[in-house]
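Summary of structural features
Spelled out from the first residue to the last, the chains are:
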Amino acid sequence: MSDVTELVQRYLTAWNETDADARRAVLADVFAEDAVYTDPLASVQGRDGLDATIAAVQAQFGGLVFSLGGAVDAHHDIARFTWHLGPEGGEPVVIGFDVAVIGADGRIRQVLGFLDRVPAGA
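Residues numbered from 1 in each chain as written. Predicted model: local features only at pLDDT ≥ 70, side-chain atom pairs only at ≥ 80, totals over all residues. Heavy atoms only, no water.

Considerations on the pattern of salt bridges
Oppositely charged side chains may form a pair once their charged atoms are brought near each other. Overall, the coordinates contain seven salt bridges when judged by the stated rule. As a salt-bridge pair, Asp29 and Arg10 come within 3.1 Å of each other at their nearest N and O atoms. Of this pair, Asp29 sits in helix H2 (residues 20-30) while Arg10 sits in helix H1 (residues 2-16), and the two are 19 residues apart along the sequence. One salt bridge connects Asp51 with Arg23, and the closest N-O pair in it is separated by 2.5 Å. Of this pair, Asp51 sits in helix H3 (residues 46-60) while Arg23 sits in helix H2; the two residues are 28 residues apart in sequence, bridging distant segments of the chain. Across this residue pair, the class does not change: Asp51 and Arg23 are buried. Connected through shared salt-bridge partners, Asp21, Arg23, Arg24 and Asp51 make up one network. (Salt bridge = Lys/Arg side-chain N within 4 Å of Asp/Glu carboxyl O. Helix = DSSP H or I, 4+ residues; strand = E, 2+ residues; numbered from the N terminus. Buried < 20%, exposed > 50% of the residue type's maximum accessible area, 1.4 Å probe, protein only.)

And the structure:
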């Protein structure tokens, strides 16, 4: 379980990394090359698509950070977890949860994201 929790923490690190080169390095470490990411606002395939999605979220919510909202629940090759987006150490502005499918190489192959709380107009 700790390996999966560490993978999820690295996943959130990618979402928080504002340096494009460093973010792409984390994405290469965490995601399969052809990984699929789907949430209510985006559906992309591959690391480049995910990188562009993360950059767009950072532009919209500048200065906010992603954090783990509780324990990671995992079995077989699947993990689910709640995340928060908000000011460092403050009340989250956005809350969601993701389900990640992990490949045999230990990288994420697919993410299905859900949004539980989103501010009006976002």
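Here's the deal with the nonpolar core
Buried together is how nonpolar side chains tend to be arranged in soluble globular proteins. Counting 28 residues, the largest nonpolar core has Tyr11, Phe31 and Ile108 as its most contacted members. Elements supplying a minimum of two residues to this core: H1, H2, strand S1 (31-39), H3, strand S5 (78-86), strand S6 (94-102) and strand S7 (108-117). For this core, the element with the highest residue contribution is H1, accounting for seven residues. In this view, Ile108 contacts Leu7, Tyr11, Val30, Phe31, Ala32, Ala35, Ala100, Val101 and Ile102; residues no more than four positions away in its chain are not counted. (Core = buried A, V, L, I, M, F, W, Y, C linked by side-chain atoms within 4.5 Å. Contact = heavy atoms within 4.5 Å.)

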